[in-house]
Structures are given as structure tokens and as C-alpha cells.
Amino acid sequence: QVQLVESGGGLVQAGGSLRLSCSASGRTFSAYGMGWFRQAPGKEREFVAAISGRGDSTHYPDSVKGRFTISRDNAKNMVYLQMNSLKPEDTAVYYCAGRLGYYLDLIERESAYTLWGQGTQVTVSS
């Protein structure tokens, strides 16, 4: 069973950058498609980015495309989310998530992921 732990959140000014990290335990990490989601106060959790097990396919919603980059290092069991040009509306708790396989019709769905980290707070000040 793979377990996930996020880190790297914090307070940043608008226009700044942060890199979130997600550490995964377990020996089958490369079999998991990985995603990042976020949840702002009073809002539903929303999809932010996803990456295939081998790292050769990524997917983003329009709201972060061109600003956020997801990557992974399977040798280190790590997934990253590089966030640039941050906006106050990016303020949220960010969650790392994982699921076996990588299917384009599922990767944006919160319910499709079976593994979740505890979340890390990102606050962007204006």
C-alpha cells in the first residue's frame, strides 16, 4: 500500500512561486497515476494536475495551465507541483492523490483516486 505525505506549502505574495512535494512510500509507485487537487474554504475540492506513472503524460485544467507544472521522480518516489505566477485565488489546501493506472476519462475525478495525503496549505497574498 502506498502512503502519501505532502510538503512545501506556505505563504507567498501574488506573482510568486512555490514547489509542493509529495513523498510516497511503497514499492509500486510507478504503477500509480498521480494527481494534485486543492480545496479552498467553502468550496469543493478541484483538480489541479495529473501525471502518468512513467511521467510521459500530464494534464491540467485551464485555470492553472501554463502556470503549474507537475513532475515525478520514480527513483525517489516523489511527485512535485511547481506553481508559478501565483494568484490569491490559488489559496487552498493542496492534496496529493494517487490511483493505479492513468485514464484520461478519470484523472480529473476526485472519486477516481484511492490514495490521499493529508494536505498542505498554500496561501497567496495580494
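Model, not experiment: these values are computed from the prediction.

Enquirer: Just give me the short version of the overall build of the protein chain, but keep the residues and values in it.
Expert: Helix and strand content of the protein chain: zero helices and 11 strands. Counting from the amino terminus, helix and strand elements in the protein chain follow one another as β-β-β-β-β-β-β-β-β-β-β. In terms of overall size, the protein chain behaves like a compact globule, its C-alpha atoms giving a radius of gyration of 13 Å where 126 residues would be expected to give roughly 14 Å. With respect to the three principal axes, the spread of C-alpha positions in the protein chain is 40 × 30 × 25 Å.

Enquirer: Describe the state of the cysteines, naming the residues involved and giving the relevant values.
Expert: Scanning the model with the defined rule gives one disulfide in all. In this model, Cys22 is linked to Cys96 through a disulfide, with the two sulfur atoms separated by 2.1 Å. The sign of the S-S torsion, about -80°, decides the handedness of the disulfide formed by Cys22 and Cys96: left-handed. With Cys22 in strand S3 (residues 18-24) and Cys96 in strand S9 (residues 92-100), this pair connects stretches of sequence that are 74 residues apart. You'll find Cys22 and Cys96 in the same group, each marked buried.

Enquirer: Describe in detail the pattern of salt bridges, supporting the description with residues and values.
Expert: Evaluated as defined, the whole model comprises six salt bridges. In this structure, Glu46 and Arg38 form a salt bridge, with 2.6 Å as the shortest nitrogen-oxygen distance. As a salt-bridge pair, Asp90 and Arg67 come within 2.7 Å of each other at their nearest N and O atoms. Placement of the pair is Asp90 in the loop between strand S8 (78-83) and S9 and Arg67 in the loop between strand S6 (58-59) and strand S7 (68-73), with a sequence separation of 23 residues. Residue classification places Asp90 among the buried residues on the basis of a relative accessible area of 0%. Accessibility expressed as a relative area gives 10% for Arg67, which makes it buried. One continuous salt-bridge network, built from bridges that share partners, spans Arg38, Glu46, Arg67 and Asp90.

Enquirer: Which residues make up the nonpolar core, and what values do they have?
Expert: With 29 residues, the main nonpolar core has Met34, Trp36, Leu81, Met83 and Tyr94 as its most contacted residues. Within the residue set of this core, elements represented by two or more residues are S3, strand S4 (32-39), strand S5 (46-51), S7, S8, S9 and strand S11 (120-125). With four residues, the top contributor of residues to this core is S3. Apart from the residues within four sequence positions on either side, Met83 is in contact with Gly16, Ser17, Leu18, Leu20, Arg67, Phe68, Tyr94 and Val122. One finds Phe37, Ala50, Ile107 and Ala112 within the second-largest nonpolar core, a separate group that totals eight residues.

Parameters and conventions
Residues numbered from 1 in each chain as written. Predicted model: local features only at pLDDT ≥ 70, side-chain atom pairs only at ≥ 80, totals over all residues. Heavy atoms only, no water. Helix = DSSP H or I, 4+ residues; strand = E, 2+ residues; numbered from the N terminus. Rg over C-alpha atoms; globule rule 2.2 N^0.38 Å. Disulfide = S-S within 2.5 Å. Buried < 20%, exposed > 50% of the residue type's maximum accessible area, 1.4 Å probe, protein only. Salt bridge = Lys/Arg side-chain N within 4 Å of Asp/Glu carboxyl O. Core = buried A, V, L, I, M, F, W, Y, C linked by side-chain atoms within 4.5 Å. Contact = heavy atoms within 4.5 Å.

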